[in-house]
Amino acid sequence: MSHTNSVALVQNKGWDERILVLRNGELVDTFIVVTERYVVVVDTMINEKTAVFLRSHAQAHLSNTRQLLVINTHADYDHAWGNQVFDAPIIGSYQCAEILREKKTKETLERMQEQEPDIFNNVIITPPTITFAETLTINGGDLTLELFATPGHTCDHISIYIPEIDTLFAADAAEIPFPCAHTTNGLPHMRQSLANLAEFNAQTVLYCHAPVTIGAQLLHDNIAYFNNVESHCREALAKGMPAKPDEDSDVAALINLTFDEATPHGKHWQAIPDYYKSKGHAQQIRMMLAWLDNGGQ
């Protein structure tokens, strides 16, 4: 996909006024949380230019009593490649820091610099400076940010809950139409993370890749999607379908579950990219088949 340096402030749709939502094109939403003690930037977008825009919005809320903090929900390029811009503590899981130091991440950056030099040439991979394993709490005075591991989509993923305003930042642990498991082992962790997030029953839920008005229902829609895929995969395997179909096989047809049958049909689901309807859906089916073949526990 092509990228843009465009960043816009999203109109508040009813969430707490201390939360700002900023959007990079049609790619990703990023957040700023203004507390008594801190101005917290949650994710830093894709590069220097987009991060500078974020920083300017955050700096407008700084004062003698407020310090700037940055959180990375995970190490994906659209969440952490603007880190270099911030002269502030950067908080993330220890896995996030490890991934950003990996040779594979450097190779990904080099490839994307070749493809889109105007977007990625000035990126300097900058890992978090403060890391944690499972949970970390930031006491902002009026607001408390509770950071906790939600692995699955990626092994380093974290989410954030603010109890005072019953607000949950799911980041990429839930998405429209569904979060993608990239490994077979990641699939059950991702489903457990979805279940954990749904248990909050939060009044406001914000995502990095979903409409700001979709609310907590998306968590339940994502859970239902994977439950549906599992049920159809189990039935197909019981009838003798191979757990590893040929690469050119239409696995959605083999398990008798098309994308449209597996997902809701509300207004938010009308403009889903074709990738998810075909390759993305097929990838999750293959992940599920592999997981079930390995015991499915």
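Worth saying up front: this structure is predicted, and the values here are computed from it rather than measured.

Asks: Please explain the packing of helix α7 (residues 217-238) against helix α10 (residues 274-293) as it appears in this structure.
Replies: Two numbers describe a pair of packed helices, the interaxial angle and the distance between the axes. As a packed pair, α7 and α10 sit with axes 9 Å apart at the nearest point and diverge in direction by 60°. Overall, the two elements α7 and α10 adopt an arrangement that is oblique. Here α7 runs over α10; the crossing is right-handed. On the side of α7, the interface is formed by Tyr225, Phe226, Val229, Glu230, Cys233, Arg234 and Leu237, while α10 contributes His281, Gln284, Ile285, Met288, Leu289, Trp291 and Leu292. Of the residues contributing to the contact of α7 with α10, the split by class is ten nonpolar, two polar and two charged.

Asks: Would you explain the sheet that holds strand β5 (residues 67-71) in this entry?
Replies: Pairing between sheet strands relies on hydrogen bonds along the backbone, with the strands arranged either parallel or antiparallel. Taken in spatial order, the seven strands line up as β1-β2-β3-β4-β5-β6-β7 in an open sheet, and their pairing is mixed. A single partner strand is all that each edge strand has here, and the edge strands are β1 (7-9) and β7 (130-132). Direction aside, neighbouring strands of the sheet carry axes that sit 25° apart on average. Pairing of strand β3 (residues 28-34) with strand β4 (residues 38-42), which is carried by four bridges, proceeds in the antiparallel orientation. For valine 33, the partnering residue across the bridge sits in β4 and is valine 40. Sitting on the sheet, helix α3 (residues 94-101) is in contact with β6 (90-93) and β7, with an inclination near 100° to β6.

Asks: Honestly, the side chain of asparagine 24 in this entry has me stumped. Any pointers?
Replies: Among the structural elements, asparagine 24 can be located in strand β2 (residues 19-24). Assessed through its relative accessible area of 1%, asparagine 24 is described here as buried. Not counting chain neighbours up to four residues away, the residues in contact with asparagine 24 comprise Thr4, Asn5, Ser6, Val7, Met45, Ile46 and Thr50.

Asks: Please clarify how the nonpolar core should be interpreted in this entry.
Replies: Among the nonpolar cores identified, the biggest contains 43 residues, and Tyr207 and Leu219 are the most heavily contacted of them. Discounting residues that sit within four places of it in the chain, tyrosine 207 has contacts with Asp29, Phe31, Ala170, Ala171, Ala174, Ile214, Gly215, Ala216, Leu218 and Leu219. In terms of nonpolar packing, the next biggest core, distinct from the first, is built from 40 residues, Phe31, Val33, Ile71 and Leu109 among them.

Asks: What am I meant to see in the pattern of salt bridges here?
Replies: As a working rule, side chains carrying opposite charge can pair if their charged atoms are close by. Applying the stated criterion to the full structure yields seven salt bridges. In this structure, the salt-bridge partner of lysine 239 is glutamate 235, at a minimum N-O distance of 3.3 Å. Linked by salt bridges that have partners in common, Asp16, Arg18 and Asp142 make up one network.

Asks: Quick question: what am I supposed to make of the layout of surface pockets here?
Replies: Reported here for the largest pocket is a volume of approximately 1800 Å³. Lining of the largest pocket is provided by 48 residues; of these, Asp76, Tyr77, Asp78, His209 and Tyr276 occupy positions nearest its centre. Here the lining of the largest pocket takes six residues from helix α4 (residues 103-115), the largest share from any one element. Taken together, the residues of the lining of the largest pocket break down into 20 nonpolar, 15 polar and 13 charged.

About the criteria used
- Residues numbered from 1 in each chain as written.
- Predicted model: local features only at pLDDT ≥ 70, side-chain atom pairs only at ≥ 80, totals over all residues.
- Heavy atoms only, no water.
- Axes fitted to C-alpha atoms, helices over the stretch in contact; angles between N-to-C directions.
- Helix = DSSP H or I, 4+ residues; strand = E, 2+ residues; numbered from the N terminus.
- Parallel < 35°, antiparallel > 145°, perpendicular 65-115°, else oblique.
- Left-handed = near helix turned anticlockwise from the far one by under 90°.
- Contact = heavy atoms within 4.5 Å.
- Nonpolar A, V, L, I, M, F, W, Y, C, P; charged D, E, K, R; others polar.
- Pairing = 2+ DSSP bridges.
- Buried < 20%, exposed > 50% of the residue type's maximum accessible area, 1.4 Å probe, protein only.
- Core = buried A, V, L, I, M, F, W, Y, C linked by side-chain atoms within 4.5 Å.
- Salt bridge = Lys/Arg side-chain N within 4 Å of Asp/Glu carboxyl O.
- 1 Å grid on protein atoms, 1.4 Å probe; cavity = no way out; pocket = protein on both sides within 12 Å on 5 of 7 lines; lining within 4 Å.
- Points joined across faces, edges and corners; volume = space filled by probe spheres on them.

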